[in-house]
Amino acid sequence: MPEEGLADAFGVTEEARAKINLALHVTGQRADGYHLLDMLVTFADCGDRLGFLPAQADAFTLSGPFGETLAGDGGANLVLRARDLLRETVGALAFPVHIHLQKNLPIASGIGGGSADAAATLRGLMRLWGMDLPVETLASLALKLGADVPMCLESRPLIARGIGERIEAVPELPAFAMVLANPLKGVSTPEVFRRLAAKNNPALHLAPGLSGTSGWLTAIGSARNDLEAPARELVQEIAVISQMLQAHGALITRMSGSGATCFGIFTSMAAAHEAASALHGERPDWYVQATETVSGGM
Ligand code: C5P
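Treat the numbers as computed from the prediction; the structure is a model and nothing was measured. (Residues numbered from 1 in each chain as written. Predicted model: local features only at pLDDT ≥ 70, side-chain atom pairs only at ≥ 80, totals over all residues. Heavy atoms only, no water.)

Turning to the pattern of salt bridges, a few remarks are in order. Inspection of the entire model under this criterion finds 19 salt bridges. Asp117 is the partner of Lys103 in a salt bridge, and the nearest nitrogen-oxygen pair spans 2.9 Å. Residue Lys103 is located in the loop between strand S4 (97–102) and helix H4 (113–128), and its partner Asp117 is located in helix H4; the two are separated by 14 residues in the primary sequence. Taken individually, Lys103 and Asp117 each receive the classification buried, so the pair is uniform in this respect. Salt bridges linked by common partners bring Asp58, Arg83, Asp84 and Arg87 together as one network. (Salt bridge = Lys/Arg side-chain N within 4 Å of Asp/Glu carboxyl O. Helix = DSSP H or I, 4+ residues; strand = E, 2+ residues; numbered from the N terminus. Buried < 20%, exposed > 50% of the residue type's maximum accessible area, 1.4 Å probe, protein only.)

Moving on to helix H5 (residues 135–145). Those residues of H5 that fall on the buried side of the exposure criterion are Leu138, Leu141, Ala142 and Leu145. Buried positions in H5, seen along its axis, are confined to an arc of 100 degrees and lie on one side of it. Exposed residues on H5 whose side chains face more than 90 degrees from its buried face are Glu136 and Lys144. Elements that come into contact with the buried residues of H5 comprise helix H3 (78–90), H4 and helix H6 (149–154). (Arc of directions from axis to C-beta. Contact = heavy atoms within 4.5 Å.)

To continue, consider the site of the ligand. Near the ligand, the surroundings consist of Gly33, Tyr34, His35, Leu37, Gly146, Ala147, Ile163, Thr189, Pro190 and Phe193. Between the ligand and the protein, one listed contact pairs an oxygen atom with a side-chain N or O atom of His35 at 2.7 Å. Here an oxygen atom of the ligand and a backbone polar atom of Ala147 are 2.9 Å apart. Burial of the ligand by the protein chains amounts to 70% of its free accessible area of 450 Å². Those elements giving two or more residues to the shell around the ligand turn out to be strand S2 (35–54) and helix H7 (189–194). With three residues, the single largest contributor to the shell around the ligand is H7. The residue inventory of the shell around the ligand, partitioned by class, reads six nonpolar, four polar and no charged. (Near = heavy atom within 4 Å. Polar contact = N/O pair within 3.5 Å; in protein donor to acceptor, adjacent residues only side chain to side chain. Areas by Shrake-Rupley, 256 points an atom, 1.4 Å probe, with all protein chains shown as cover. Nonpolar A, V, L, I, M, F, W, Y, C, P; charged D, E, K, R; others polar.)

Time to look at the packing of aromatic side chains. As enumerated under the stated definition, the model contains two aromatic pairs in all. Measuring from centroid to centroid gives 6.2 Å for Phe66 and Tyr287, while their planes differ by 65 degrees, and the two rings are edge-to-face. Residue Phe66 is located in the loop between strand S3 (59–63) and helix H2 (67–72), and its partner Tyr287 is located in strand S10 (residues 287–292); the two are separated by 221 residues in the primary sequence. Per residue, the accessibility class of Phe66 equals that of Tyr287, and both read buried. Arranged with centres 6.5 Å apart and planes meeting at 80 degrees, the rings of Phe95 and Trp129 form a pair that is edge-to-face. With a gap of 34 residues between them, Phe95 in the loop between H3 and S4 and Trp129 in the loop between H4 and H5 connect regions that are remote in the sequence. Given the relative accessible area of 31%, Phe95 is considered partly exposed. (Phe/Tyr/Trp six-rings, centres within 6.5 Å; stacked < 30°, edge-to-face > 60°.)

In short, the description is geometric, and any link to function would need to be established separately.
Encoded structure:
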């Protein structure tokens, strides 16, 4: 469904922006097995889109380039879990709803598609059902759905610590011209964590008062994604994507989340579009997307 079509057919629409881990340091592990992380996160101006409409009975429909893949997974997705969890919380106010998900992001790809969809469902249903839950209540519902869902509720530049629940906005982070590339090989997040050689890596330290794109690029360049090495064992293309993005002029390349999507940061959106179309020509079977990330002062 085209963008205008979704807005015409559904009274309430929400964007589920792709989540980009500019840095992801694994600093420890909790007793329950979850890993302690330091993450610098931003959000892209591309993503999934959701529509919400009152209905006689609950319904869920899918479209978009990856809609069929998700349906093939049994449709057991976080959107329905988010709907059910919010309904348990608000009770009688929660009338039946038709939810439509336009799935534009690849599945299990490290850019938070499922988590962003769940967060957008919480936001959209709050509007449709006319509710105003306290921010803390919503954040704790989000955390029950997944470690990345609270940050996707925010969808603006932030640092997340703990397993992702301790969030601090980063209003100084500038927008970046970016290319996202994924070889369309889904990665299992638990499997990547299992392969991690060291769990207690150095924390993320950002100098106070960072400003300007070049200052931030230096800081990001000296940070890491500790999940990249174990993910490369599972998906050999990850190393190739980074090389190709660099060959097309990326200033910095890195994997996002548990992969396999990698991003390249470029000097301008014109350079990002040029690199994306070259990469798409070389690897027409990959997901390749030029995008501008949101700025902290959005
Ligand atoms: O919370 P979420 O369902 O997204 O996490 C998926 C899996 O990734 C968890 O079951 C866990 O194995 C792993 N994980 C982890 N530490 C985190 C986040 C996720 O070990 N901070």
